[in-house]
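# Structural description and commentary
Below, each chain spelled out in residue letters.
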Amino acid sequence: MKTVVIASNNAHKAQEIAHALPFPGWEFKTLREMGVSSDPVEDAETFEGNARIKARAAQQACPGCAVIADDSGLEVDALGGAPGVHSARYAGEPSDDARNNAKLLAELSGVPDGQRTARFVCTLVYCDEQGAETVARGTIEGRIGHEERGAEGFGYDPLFYPDVLDGLSLAEVDAARKNAISHRGNALRALKELIGA
């Protein structure tokens, strides 16, 4: 069994990566399960850059292991692509989903439905045991609602209404349905195809 370290301190992300789809012969482990802490400064200007920072730091902390790192966020067209790479800390430090959602709703106050288009973006950087890198990207298109709905998911999920869900927020569907359509699920499917796993 091949151990692949998930380079994230976000328990929700780690769980989605580990359970979104099968990678036969792989065993996913979190940084915590590996007994290491890795919290590098994510100061890149792109999702790919931040994912690479996390992947390289985790590989340094877990020598000889394959690692997978995710950087993802929400791009809102009416806000010029914000919050983008700053999604997790949109409302400032420390990261707080409720404050981020409140700020997003405030920023979009008065913006009509037709102009509330947005997408979730996920970029994965996978480094094998020798450090060879593969990059995969996934997106899901939708719009930002006027209020939070649903108790599943995390982050901006209660405000994001994917085009493919016909009026439901991403927080109103279970994990299996979310993984089948989400940006992270799409990125993992792309990665699996790229590396032939």
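I will try to describe carefully the structure that is included in this document. Counting of residues starts from 1 at the beginning of each chain's written sequence and follows it residue by residue. Local features in this predicted model are restricted to residues whose pLDDT is 70 or higher, and side-chain atom pairs enter the listing and the counts only when it is 80 or higher, whereas totals over whole chains, interfaces and linings include all residues. Side-chain measures were taken over the full set of non-hydrogen atoms in the model, leaving aside hydrogen atoms and water.

## Examining helix α2 (residues 47–61)
Numbered from the N terminus, helices here are DSSP runs of H or I no shorter than four residues, and strands are runs of E no shorter than two. Working rule for helices: expected span equals 1.5 Å times residues minus one. An ideal rise of 1.5 Å per residue puts 21 Å on 15 residues; α2 measures up with 21 Å between its terminal C-alpha atoms. Looking at α2, one finds that the buried residues are F47, G49, N50, A51, K54, A55, A57, A58 and Q59. Buried residues in α2 make contact with α1 (11–19), β3 (66–76) and β4 (117–127). Three exposure classes are used, based on accessible area relative to the maximum for each residue type with a 1.4 Å probe and protein chains only: buried under 20%, partly exposed in between, and exposed over 50%. Here, two residues are considered to be in contact whenever any of their heavy atoms come within 4.5 Å of each other.

## Observations regarding the sheet that holds β4
Only when DSSP finds a minimum of two bridges between them are two strands counted as paired. Taken in spatial order, the six strands make up an open sheet running β2-β1-β3-β4-β5-β6, and their pairing is mixed. In this open sheet, the two edge strands, each paired with only one partner strand, are β2 (26–30) and β6 (160–162). Within the sheet, the average angular offset between the axes of one strand and its neighbour, ignoring direction, is 35°. Pairing of β3 with β4 involves 10 bridges; the strand directions are antiparallel. When the bridges of β4 are listed, A69 appears paired with V125. Helix axes use the C-alpha atoms of the stretch in contact, all axes being lines fitted to C-alpha atoms, and the angles between their N-to-C directions lie in the range 0 to 180 degrees. With respect to the sheet, α2 is in contact with β3, β4 and β5 (133–144), its orientation differing from that of β3 by roughly 155°.

## Regarding the nonpolar core
In this structure, V4, F28, I68, L124, Y126 and L188 are the most contacted members of the largest nonpolar core, which totals 18 residues. When contributions to this core are tallied by element, the ones reaching two or more residues are β1 (2–6), α1, β2, β3, β4 and α5 (183–195). Core analysis: the second largest hydrophobic core is formed by 17 residues, Y90, F120, I140 and I181 among them. Here, the term nonpolar core denotes a set of buried Ala, Val, Leu, Ile, Met, Phe, Trp, Tyr and Cys residues that are joined through side-chain atoms within 4.5 Å.

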